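# Results of the structural survey
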Amino acid sequence: MKKCFFAFLILFALVLSPLSASPGRESSGRDGSLSALVYITGMVAGSPPYELLAAGAQEFAAEHGSVRVTVYEAGFNQAEWEEQLTSLAASGEYDLVLGSNPSLPEICAAVGRKFPALKFIITDSELAGNPQIATYLYNQYQQSLYLGYLAGLITTGSLPHANPGKRIGFIAAQEYPLLNRHILPGFIAGARMADPGITVDFRIIGNWFDANKASDLALSMIDGGVDVFASIAGGAAQGIIRAAQQRGAYVVYHNTNEYANAPGVILGCGFMEQKKLVKEILAGVLSGQIAYGTARTVGLEEGYLDFIADDPGYFNYVPREIQQKFNAFLAEMRAGRISYTLPPL
Ligand code: RBF
């Protein structure tokens, strides 16, 4: 009878243990540990949003012994992302997937249906209403508004390569809703706040890595009168900077401090506080304070977007009168006194 009881106990333990080890796990495991997969939709190198995401997660793991972070580079074939993420989820090794891409919520919703215990936190995107997913959208309309305003001041200003035509350029790797509805319209609206007569030449590369194609596009746009560029192009943006350097044009840059790469050419850099946000997110996961199912938008006022003005690349190269106008505009924007409507995505 006793033997039978122990056999039953052992059987009971065997049946229960795999259950407690995988499916029912909270996003921070029951023992307080957390295994996070940082899913990079492309490659880390050359893409500031991904560099900051990976660095923030790795720093957080180094500071918290209970947190394990695995960075996975999914590569540039977008058609493979869902399948790749599905097989990573199927390994059962992760409590949480962290990513930064506007196309990820849809993919994560599909993967999540197969793995109901898995949680997803995605920055640079927007999706509300899925209890497995939390999103954080940077207000890229706003960043583009102030970078566009600066581009407008430069093209109408007195710098040696600013020609009399009021034409600026925007080069995108590909079209997607955040680009078409926030980033490009914000850039155009900002430039026209500087001068309503400004026109924008908009071109598409077709991928996130071909710097030669980006350079060719930029050179032909310079031929057409463009003297200031902005871009959302990942690693391919290096080609635009080289073209501007070679032929005499200027660049304003989204999301990261790029001044030192081309002093006197890159005249303004916005900044995305992705590293700070990612570390706050992971702290929120550990303390159980993430509101899954919700979508937050963060920008300049909340301290997640900025402009880097305290850099010689800005204050030594941008003419004094442009700095004065731009700094005043930015101060107004920080105070919430520049009115604009954030378009729906
Ligand atoms: N941004 C990058 O910096 N590098 C990339 O490789 C990259 N790939 C993207 C792929 C897709 C399908 C989409 C929709 C966006 C991609 N982005 C990439 C854009 C990035 O997530 C973000 O929207 C912009 O950097 C502006 O915040």
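What follows is about the site of the ligand. The local shell around the ligand holds 22 residues, among which S47, D124, Q140, Y176 and W208 are the closest. Interatomic distance of 2.8 Å between a side-chain N/O atom of D124 and an oxygen atom of the ligand. One of the side-chain nitrogen or oxygen atoms of Q140 is found 2.6 Å away from an oxygen atom of the ligand. Compared with its free state, where it exposes 540 Å², the ligand has 97% of that area covered by protein. Structurally, the ligand is housed in the largest pocket. The set of elements that each furnish at least two residues to the shell around the ligand consists of α2 (48-63) and α6 (177-194). Residues that form the shell around the ligand fall into these classes: eleven nonpolar, ten polar and one charged. Each of two domains, domain 1 (13-138 + 275-298) and domain 2 (140-271 + 309-334), supplies a minimum of three residues to the shell around the ligand.

One open sheet holds the six strands; their spatial order is β2-β1-β3-β4-β5-β11, and the pairing between them is parallel. One side of each edge strand has no neighbouring strand; the edge strands of this open sheet are β2 (67-73) and β11 (295-298). Across the sheet, the mean angle from the axis of one strand to that of its neighbour is 15 degrees, orientation sign disregarded. Against the sheet, α2 makes contact with β1 (34-40), β2 and β3 (96-100), and its axis sits at roughly 155 degrees relative to β2, the strand it touches most. Those strands touched by helix α4 (residues 104-114) are β1, β3, β4 (119-123) and β5 (133-138), and its axis lies near 175 degrees from that of β4.

On to the domain arrangement of the protein chain. Each domain of the protein chain was delimited in the assignment, giving domain 1 (13-138 + 275-298) and domain 2 (140-271 + 309-334). Spacing between the C-alpha centres of domain 1 and domain 2 amounts to 32 Å. The partner domain 2 presents eleven residues to the eleven residues of domain 1 that form the contact. Of the roughly 860 Å² buried between domain 1 and domain 2, counting both surfaces, carbon and sulfur atoms make up 66%. The largest per-residue losses of area from domain 1 upon contact with domain 2 belong to P48, F76 and Y138, which jointly make up 41% of the total buried on that side. At the junction of domain 1 with domain 2, the criterion picks out zero salt bridges. Between domain 1 and domain 2 we count three residue pairs in polar contact (both at pLDDT 80 or more) in total. Elements represented by at least two residues in the side of domain 1 that touches domain 2 include exactly α2 and β5. Per-element tally for the side of domain 1 that touches domain 2: the top contributor is α2, with three residues. Grouping the constituent residues of the side of domain 1 that touches domain 2 by class yields seven nonpolar, three polar and one charged.

Here we come to a nonpolar patch on the surface. A grouping of M43, F76 and F209 is seen on the molecular surface, where their side chains present a nonpolar patch of about 280 Å² in accessible area. Tracing the backbone through its elements, the reader meets F76 in the loop between β2 and α3 (81-90). Given the relative accessible area of 33%, F76 is considered partly exposed.

All told, the structure shown has nine salt bridges when counted by the stated rule. Put simply, K275 and E59 hold a salt bridge, and the shortest N to O gap is 2.7 Å. Separated by 216 residues along the polypeptide, K275 in helix α9 (residues 274-286) and E59 in helix α2 bring together distant segments of the chain. A residue is classified by how much of its surface remains accessible, and K275, at 29% relative accessible area, is partly exposed. You can call E59 partly exposed: its relative accessible area is 30%. With a closest N to O distance of 3.2 Å, E63 and K279 form a salt bridge.

Now for the nonpolar core. Core analysis: the largest hydrophobic core is formed by 97 residues, its most contacted members being I121, Y146, F170 and F229. When residues of this core are assigned to their parent elements, the largest contribution, nine residues, is made by helix α5 (residues 140-155). Counting only domains with at least three residues in this core, you end up with domain 1 (13-138 + 275-298) and domain 2 (140-271 + 309-334). Once residues within four sequence positions are removed from consideration, I121 is found in contact with L96, V97, L98, G99, A134, Y136, I281, V285, I290 and Y292. Formed by 18 residues, the second largest nonpolar core is a distinct cluster that contains Y39, L88, L104 and F120.

What follows deals with the sheet that holds strand β7 (residues 199-204). Here six strands make up an open sheet; going across it, the order is β7-β6-β8-β9-β10-β12 and the pairing mixed. Of all strands in the sheet, those with a lone pairing partner are β7 and β12 (305-307), marking the two edges. Each adjacent strand pair in this sheet contributes to an overall mean axis angle of 20 degrees, direction not counted.

This part covers the pairing of β2. Relative to β2, β1 is paired through seven bridges, and the arrangement is parallel. Opposite S35, over in β2, you have R68 as the bridge partner. Read from β1 through α2 to β2, the crossover connection turns out right-handed.

What counts, and where the lines are drawn
- Residues numbered from 1 in each chain as written.
- Predicted model: local features only at pLDDT ≥ 70, side-chain atom pairs only at ≥ 80, totals over all residues.
- Heavy atoms only, no water.
- Near = heavy atom within 4 Å.
- Polar contact = N/O pair within 3.5 Å; in protein donor to acceptor, adjacent residues only side chain to side chain.
- Areas by Shrake-Rupley, 256 points an atom, 1.4 Å probe, with all protein chains shown as cover.
- 1 Å grid on protein atoms, 1.4 Å probe; cavity = no way out; pocket = protein on both sides within 12 Å on 5 of 7 lines; lining within 4 Å.
- Sits in = over half its atoms within 2 Å of the grid points.
- Helix = DSSP H or I, 4+ residues; strand = E, 2+ residues; numbered from the N terminus.
- Nonpolar A, V, L, I, M, F, W, Y, C, P; charged D, E, K, R; others polar.
- Domains from an automatic or database assignment.
- Pairing = 2+ DSSP bridges.
- Axes fitted to C-alpha atoms, helices over the stretch in contact; angles between N-to-C directions.
- Contact = heavy atoms within 4.5 Å.
- Buried area = accessible area lost by both parts, 1.4 Å probe.
- Salt bridge = Lys/Arg side-chain N within 4 Å of Asp/Glu carboxyl O.
- Patch = residues over 30% accessible without salt bridge, like charges linked within 9 Å, V, L, I, M, F, W, Y side chains within 5 Å.
- Buried < 20%, exposed > 50% of the residue type's maximum accessible area, 1.4 Å probe, protein only.
- Core = buried A, V, L, I, M, F, W, Y, C linked by side-chain atoms within 4.5 Å.
- Right-handed = clockwise from strand over helix to strand, strands pointing away.

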